[in-house]
Amino acid sequence: MKTVMQEQDARPERALPPGVLDALGELAGAAKDGLLALSVGVGLGVLSEMMEAELDEVVGPKHAQNKERTAVRHGHEDGQVTLGGRRVAVRRPRARTTDGEEEVPLQTYEYFADRDPLTRVVLEQMLAGVSTRRFSRTREPVGEEVSARERSVSKSAVSREFVGRTRERLDELMARSLSDVRLAALMVDGIEMKGRCCVVALGITTDGVKLPLGLWDGSTENKTVTAHLLADLVDRGLDVEQGVLVVLDGSKALRAAVNEVFGPVPVQRCVRHKERNVLDHLPERDRPVVKARLRRAWASDNHALALDGLNTLAGELERSHPGATASLREGLEETLTLTRLGIHGRLKKTLASTNPIESMIEIIRRSSRNVKRWQNGDMCLRWTAAGMLEAETQFRRVAGYTDLATLALAVERDLTAHRPTIHTTTREETALTTLTV
């Protein structure tokens, strides 16, 4: 008894029609270079047919008599389209108005001639760590015929595309309107870039969404640069009158800038930075005990008890390690701002440190790791803005976001409690000035 396979082998072979064999032969040749090569090869053929079909729609069929036509054929010329992450030369048909005064654009060609797909590919690969020298080696083969006609793959061309795209990203970030943004928290930090510095701002909305807000370039993380950044956020519509919690590391410059631009908003100092600063003043043998006491105080939900614990620790270290005491007492109360506002649980753990903005900065550093020399401030701003927006695509809601509404109300109450004193002082100073004059 024959098997199914034996019966199939016994059947006479049927010859394919010659036209089908020719078509399969062409496809098989293109497929040797990969699926993208096949797709690009087919795409160029389809594109040519589409342009000719649109030309027929605009001017009418070739050689047809039509007295009402508004445009006529005007031959062909060389053009370029974006396919497979590269610019490919094509022959495109042209049309002009019947009076010969104006060129009639063909939408099919304009769509495929758009450089945006190419610049998007360049941006994505550069941020992923591909250098300009190696860009052409990262793309899939598209066949020898197409490769021979490709453009915009040299190091300088890729660099120009990347500069243009990152400038768009920078303009997009710095032009964002913040008038409709309701922030629960704002984080500010600096990122060093081999002799240059960018101060960046990250907002956390009342919905728990992390939002890159802006950046400013300077030589160091100083008060002037930070004040310019914060003032720019206000100019773009950021409302701090209703209150926002500002989270900072231990930088005095950042704290002074916040006080100058925002006024008496509550500030949470990063407990991780404070911990490192204190422990750096201690010998190795004393660090575990002090570290445990610091963390126990910061983990407490009782503000008075936590504050008393930190003050007691500072007093015990005063004679033996005065440097550690000075570091701990500097901004000590602001390490407990969240506890004072009544925020507990996961949200307190999230906002008690600058980890959210540090995560964004790490993505910026990873995106720009191949940059060997920062030429100027514009380059620093472009790369940083591109990295910030790249990080935004990876963001998720912060842990404990369901308690952000509680935080917003607590900040509002805290801000209201400080306003009467400030207004009274202002009136007294005004009256004193008037009497003096």
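Model, not experiment: these values are computed from the prediction.

A.B. asks: How should I be thinking about the packing of aromatic side chains in this particular structure?
C.D. replies: The description of two aromatic rings rests on the distance between their centres and on the angle between their planes. Counted under the stated rule, the structure contains zero aromatic pairs. Positioned above the aromatic ring of Tyr401, the side-chain terminus of Arg397 is 4.7 Å from the ring centre.

A.B. asks: Explain the sheet that holds strand β7 (residues 245-248) to me, please; I cannot follow it from the model alone.
C.D. replies: Across a sheet, strands are paired by hydrogen bonds formed along the backbone, either parallel or antiparallel in direction. Spatial ordering of the open sheet is given by β6-β5-β4-β7-β8, a layout of five strands whose pairing is mixed. Where the open sheet ends on each side, the last strands, each with one partner, are β6 (210-218) and β8 (267-269). In this sheet, neighbouring strand axes are inclined to one another by 20° on average, regardless of whether the strands run parallel or antiparallel. Sheet analysis places strand β5 (residues 196-205) next to β6, joined by eight bridges and oriented antiparallel. Looking at β6, one finds that Gly203 is bridged to Leu211. This element, helix α17 (residues 377-392), spans β4 (183-193), β5 and β6 of the sheet and lies at about 170° to β6.

A.B. asks: Before we go on, may I ask you to explain the pairing of β6 in this structure?
C.D. replies: When a strand is regular, its side chains alternate between the sheet's two faces. Within β6, seven of the nine residues are buried, which leaves the element mostly enclosed by the surrounding structure. Taking the residues between adjacent antiparallel strands as the criterion, β5 and β6 are bridged by four residues, where Gly208 takes a positive phi near 90°.

A.B. asks: Which parts of the structure should I look at to understand the pattern of salt bridges?
C.D. replies: In a structure, side chains of opposite charge can pair up when their charged atoms sit close to one another. Considering all chains together, one arrives at 24 salt bridges under this definition. Among the ionic pairs, Asp78 bridges to Arg91, the shortest N-O distance being 2.9 Å. Here Asp78 is found in strand β1 (residues 71-83), whereas its partner Arg91 is found in strand β2 (residues 86-97), with 13 residues between them in sequence. Arg91 gets classed as partly exposed once you look at its relative accessible area, which sits at 48%.

A.B. asks: Explain helix α10 (residues 271-279) here, please?
C.D. replies: An α-helical turn contains 3.6 residues, so a residue and the one three or four places further along point in the same direction. Buried within α10 are the following residues: Val271, His273, Lys274, Glu275, Val278 and Leu279. Contacts from the buried residues of α10 go to β8, α11 (287-299), α13 (322-329) and α16 (355-367).

Criteria and thresholds
Residues numbered from 1 in each chain as written. Predicted model: local features only at pLDDT ≥ 70, side-chain atom pairs only at ≥ 80, totals over all residues. Heavy atoms only, no water. Phe/Tyr/Trp six-rings, centres within 6.5 Å; stacked < 30°, edge-to-face > 60°. Lys NZ or Arg CZ within 6 Å of the ring centre and 35° of its normal. Pairing = 2+ DSSP bridges. Helix = DSSP H or I, 4+ residues; strand = E, 2+ residues; numbered from the N terminus. Axes fitted to C-alpha atoms, helices over the stretch in contact; angles between N-to-C directions. Contact = heavy atoms within 4.5 Å. Buried < 20%, exposed > 50% of the residue type's maximum accessible area, 1.4 Å probe, protein only. Salt bridge = Lys/Arg side-chain N within 4 Å of Asp/Glu carboxyl O.

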